[in-house]
Every structure is written in C-alpha cells, then in structure tokens.
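Here is what each chain is made of, one letter per residue.
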Amino acid sequence: MSDTQQTPITVADIHLIQAILPHRYPFLLVDRVIDIDGTQTATGIKNVTMNEPHFQGHFPGAPIMPGVTIIEAMAQTAGVMVGASMGLVNGDLLIYFMSIDKAKFRRKVIPGDRMLMHVTTTRGKPGGKVWKFHGRAEVDGELAAECEFSAMLDLKG
C-alpha cells in the first residue's frame, strides 16, 4: 500500500459510528462494528440493556426487543460498513430503507443479550445510490433474526 492510500477501516467504535450515521439516542442501535471488509461484509455489536425506551412498553414485565429494531440495527451496521469504506465520516450521509424482504424471527432478544449483526452486501458499489444487503442477527451463536433489505444512500448538501 502506498503512502497516498489510506489504511482501510476494519473497526468502528461509537465515535466513528456517530461520525458516519446521523442516528442518535434513542435510535442509535449499534455500539461497535468489527470485521469490516470493504463494502462486502461487517459485523455489528449491540449490547441490549434494560434502559432502552422500547422496553417500557414492549412488554412490561417481559422485555423483548422489537423485531423492527433488530432489523434497524442490522441496517445501521450496513450503513457504517458502507460509510466507513467510502470515507463518508463527515456527517453528510443519510440512508433510507427501500425494502425489507424475507424477514424471519427465530429467538427473543432481551436485556443482557449481546447481539451480533452480520451483514453482507448483495448489490451495490461505491458511487451507487441503491444497495441491497442480507442481514443475520445472532445471540450466543443462535439465530435471532434474518432478512434482506435495500437502502438508498443520500449525501446531504
């Protein structure tokens, strides 16, 4: 690698995640992204805690992370992967869902769980606006949810 090329980003901590994604509390749903392989694959980490606002009503006495927030966490992982790989760390990236397909939920995700979100790009390339992904969310090696989703990247300004 020459001195003019930047070292690829393979890990994103919470500071880099916030520099890429516009999401903030209570809707920032990924704590760390590891194993970023360009725009191809990445693994996000979500430490599920009882103090998240959706647990107040979903469900009192039996807190379960809503399926839609699991899918959103996978999508945010994909957004960090693409943003980090394309150098979009200036806060100008907006990402919009276009579709969610083949969503399946296999296991409850509850406070205390450490959810790993594995995302793979199935269509999309740097410079393109529309991307497709496959996502899998796991807890303790057990499949919690999976789906295919597409999103549109939009650069503000």
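Predicted model, so just to flag it, every value in this text is computed and none were measured.

1. Side note on the packing of aromatic side chains
Now for step 1: This model, assessed by the stated rule, comprises three aromatic pairs.
Now for step 2: Between the aromatic rings of phenylalanine 97 and phenylalanine 149, the centroid separation amounts to 6.2 Å while the plane-to-plane angle is 80 degrees, which identifies the pairing as edge-to-face. With phenylalanine 97 in strand 3 (residues 93-105) and phenylalanine 149 in strand 6 (residues 142-155), the pair connects residues that are 52 residues apart, well separated along the chain.
Now for step 3: Their ring planes at 5 degrees and their centres at 6.2 Å tell us that tryptophan 131 and phenylalanine 133 sit as a pair that is stacked.
Now for step 4: Looking at phenylalanine 133, the relative accessible area reads 3%, which means it is buried.

2. Looking at unusual backbone geometry
Now for step 1: Proline 26 follows tyrosine 25 through a cis peptide bond whose omega is 10 degrees.
Now for step 2: You can see proline 26 is positioned in the loop between helix 1 (14-20) and strand 1 (32-37).

3. With respect to the side chain of threonine 77
Now for step 1: Assignment of secondary structure puts threonine 77 in helix 2 (residues 67-85).
Now for step 2: Judged by its relative accessible area of 0%, threonine 77 is buried.
Now for step 3: Among the polar contacts listed, one links the side chain of threonine 77 to the backbone oxygen of alanine 73, at a separation of 3.0 Å.
Now for step 4: Leave out the neighbours within four places in its chain, and threonine 77 touches Val30, Val33, Ala42, Thr43, Gly44, Met117 and Val119.

4. Some words on the sheet that holds strand 3
Where strands meet in a sheet, backbone hydrogen bonds hold them as pairs that are either parallel or antiparallel.
Now for step 1: Across the sheet, six strands lie side by side as 1-2-4-5-6-3; this open sheet has antiparallel pairing. Strands with a single pairing partner mark the edges of an open sheet, and in this sheet they are strand 1 and strand 3. Neighbour-to-neighbour, the strand axes of this sheet turn through a mean angle of 25 degrees, independent of strand direction.
Now for step 2: By the bridge criterion, eight bridges tie strand 4 (residues 114-123) to strand 5 (residues 130-139) in an arrangement that is antiparallel. Bridge pairing links valine 119 to glycine 135 in strand 5.

5. Brief notes about the layout of surface pockets
Any empty space left between atoms is shown by rolling a water-sized probe over those atoms.
Now for step 1: Volume-wise, the largest pocket comes out at about 200 Å³.
Now for step 2: A breakdown of the residues in the lining of the largest pocket according to their chemical character gives seven nonpolar, four polar and three charged.

6. Remarks on the side chain of serine 150
Now for step 1: Mapping serine 150 onto the fold places it in strand 6.
Now for step 2: Within the structure, serine 150 has its side chain in polar contact with the side chain of serine 99 (distance 2.7 Å).
Now for step 3: Residue contacts for serine 150: discarding those within four places in its chain leaves Tyr96, Phe97, Met98, Ser99, Trp131 and Lys132.

Basis of the calculations
- Residues numbered from 1 in each chain as written.
- Predicted model: local features only at pLDDT ≥ 70, side-chain atom pairs only at ≥ 80, totals over all residues.
- Heavy atoms only, no water.
- Phe/Tyr/Trp six-rings, centres within 6.5 Å; stacked < 30°, edge-to-face > 60°.
- Helix = DSSP H or I, 4+ residues; strand = E, 2+ residues; numbered from the N terminus.
- Buried < 20%, exposed > 50% of the residue type's maximum accessible area, 1.4 Å probe, protein only.
- Polar contact = N/O pair within 3.5 Å; in protein donor to acceptor, adjacent residues only side chain to side chain.
- Contact = heavy atoms within 4.5 Å.
- Pairing = 2+ DSSP bridges.
- Axes fitted to C-alpha atoms, helices over the stretch in contact; angles between N-to-C directions.
- 1 Å grid on protein atoms, 1.4 Å probe; cavity = no way out; pocket = protein on both sides within 12 Å on 5 of 7 lines; lining within 4 Å.
- Points joined across faces, edges and corners; volume = space filled by probe spheres on them.
- Nonpolar A, V, L, I, M, F, W, Y, C, P; charged D, E, K, R; others polar.

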